[in-house]
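# Descriptive analysis of the structure
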Amino acid sequence: MKDFKSIIRRILTISRREHKMFYQRPMFLFTMLIGPVAVILFFTSLMDAGLPTKLPTGLVDEDNTQISRTISRTMNAFEETNIVAHYPNFHEARKAMQRGEIYAFFYIPKGTTVQALASKQPKVSFYTNETYLLPGTMLMKDLRYASELSGLALTRETLKAKGMTEDRTMGVIQPIVVETHPIGNSYLNYSVYLNNILIPGIFILVIMLSTTYVLGIEWKHSSQKTLFAMADNSPTVALIGKLLPQTVLFSLLFIFMDVYLYRFMHFPCQCGLLPMILIGILTVLASQGFGVFLFGIFSGQMRLTMCLCSLWGILSFSLCGFTFPVTAMSSVLEKMSVLFPLRHYYLIYVNQALNGYSITYVWSSVVAMIIFAALPLLVLHRYRKAFLVLKYKP
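So, how was this worked out
- Residues numbered from 1 in each chain as written.
- Predicted model: local features only at pLDDT ≥ 70, side-chain atom pairs only at ≥ 80, totals over all residues.
- Heavy atoms only, no water.
- Core = buried A, V, L, I, M, F, W, Y, C linked by side-chain atoms within 4.5 Å.
- Buried < 20%, exposed > 50% of the residue type's maximum accessible area, 1.4 Å probe, protein only.
- Helix = DSSP H or I, 4+ residues; strand = E, 2+ residues; numbered from the N terminus.
- Pairing = 2+ DSSP bridges.
- Axes fitted to C-alpha atoms, helices over the stretch in contact; angles between N-to-C directions.
- Contact = heavy atoms within 4.5 Å.
- Expected span 1.5 Å × (residues − 1).
- Polar contact = N/O pair within 3.5 Å; in protein donor to acceptor, adjacent residues only side chain to side chain.
- Left-handed = near helix turned anticlockwise from the far one by under 90°.
- Nonpolar A, V, L, I, M, F, W, Y, C, P; charged D, E, K, R; others polar.

## Quick notes on the nonpolar core
If you look at the biggest cluster of nonpolar residues, it comprises 71 residues, and the most contacted ones within it are I197, M257, Y262, M276, Y345, Y349 and Y383. Residue contributions to this core peak at 13 residues, all from helix α8 (residues 190-220). Ranked by size, the runner-up nonpolar core spans 15 residues in total, among them L55, I67, F78 and L139.

## Structural notes on the sheet that holds strand β2 (residues 81-86)
Pairing is mixed across the open sheet formed by four strands, whose spatial order is β2-β1-β3-β4. Of all the strands in the sheet, the pair left with one neighbour each is β2 and β4 (125-128). For this sheet the average axis-to-axis angle between neighbouring strands, irrespective of direction, equals 25°. As paired elements, strand β3 (residues 104-108) and β4 share four bridges and run antiparallel to each other. Within β4, the position partnered with A104 by the bridge is T128. On the sheet, helix α4 (residues 90-98) packs against β1 (55-61), β3 and β4 and is oriented at approximately 175° with respect to β3.

## Examining helix α14 (residues 341-354)
Between its first and last C-alpha, α14 extends 19 Å over 14 residues, near the 20 Å set by a 1.5 Å rise per residue. Taking burial as the measure, the 14 residues of α14 include twelve buried ones, the bulk of the element. Every buried residue of α14 is accounted for by P341, L342, R343, H344, Y345, Y346, I348, Y349, N351, Q352, A353 and L354. Buried residues belonging to α14 abut α8, α10 (235-264), α11 (273-297), α12 (302-319) and α15 (363-374). Where α14 terminates, the next one or two residues include G356, which has phi positive at roughly 70°.

## Focus: the side chain of E18
Among the structural elements, E18 can be located in helix α1 (residues 2-24). A polar side-chain atom of E18 sits 2.7 Å from a polar atom in the side chain of K242. Contact partners of E18, with chain neighbours within four places excluded, come to V214, K242 and P245.

## Topic: the side chain of T305
Within the secondary structure, T305 sits in helix α12. A relative accessible area of 0% places T305 in the buried class. Contacts of T305, omitting those with residues within four sequence positions, involve T212, G291, L294, F295 and F298.

## Side note on the packing of α8 against α14
For the pair α8 and α14, interaxial distance at closest approach is 10 Å and the crossing angle is 145°. You can see that α8 and α14 cross each other, and the crossing is right-handed. Where α8 abuts α14, its residues V192, N196, I197, P200, G201 and I204 lie against P341, L342, Y345, Y346 and Y349. Partitioning the contact of α8 with α14 into residue classes produces nine nonpolar, two polar and no charged.

This is the structure we're talking about:
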């Protein structure tokens, strides 16, 4: 018991020393505290509307009939589409798209209505600028839907001209009514989809970088032996005391993020707030463990370790699977994805917050996060040597 109290006292002494170092480096404290909070507020305010709306769109209506004007009004009623200009011909609309004035335009050639009523299958076209992926994709969906509606509108006019009633006409046009029910993110809110992974991903990157930085600064200032002596020559006590203030700070940041997203912003959270807070704390420990492991593997080379942490953090956005399915990647990349903490955070988040399933369905990801947190155990012997022998390598 006496030894345990001594260990706790040494850890707290080292942590107080670390606090003093924070105050001596305001920029570092800004990076760990003010920066992450600004990231939360910036991304949530940037996508406050949920998804882009009223995207600039053009219309080329060479037919100029009642039906073509109805199509135009229908398109303008879509949430994502905003017809900002009518162009006399295809070439003018194309030039406007090339100048960046519009993201897409709908083309109705002359004689469309006459040919449709004569059952000659006229063609309407729409063009989207996929250089801008998100607006181009969203407008393609709206314009495709508008083209289908235009075909149905022409069919309705033809059937009504042949004497069919409105009910029979609608029965022919749409014999089966399809209902769609998106699960998890029922509002198709891009803010929910992106912020719940972008923000933790940035946090993980900052945690790994700050972990390797605060460790490397000891060797840079040749104070590692002082730290080791304060820990009674125990690398475990030295590392815990050194990183404990960061652990508390980043855990509070994750708690703030969860409260802000799930209570203030009302993002979907089927599992409740407490499980997400526990997942956030586990993510902090996993990220710190990974940073300590890399620093130990490369024998205290701060610059190389921070570069690797940066690379690992950036790659995790691509390999975690929230933008492109991991199962659709090559087999090598699919296997590599398990080496990134963000991948496991993403799987746990989807399972818990969006679906509300039992944690047993993602037990492997929970175990993986625990393994990340325990990785420093594999390099403790290297830290013992590093504290006593190694010098800073610029």
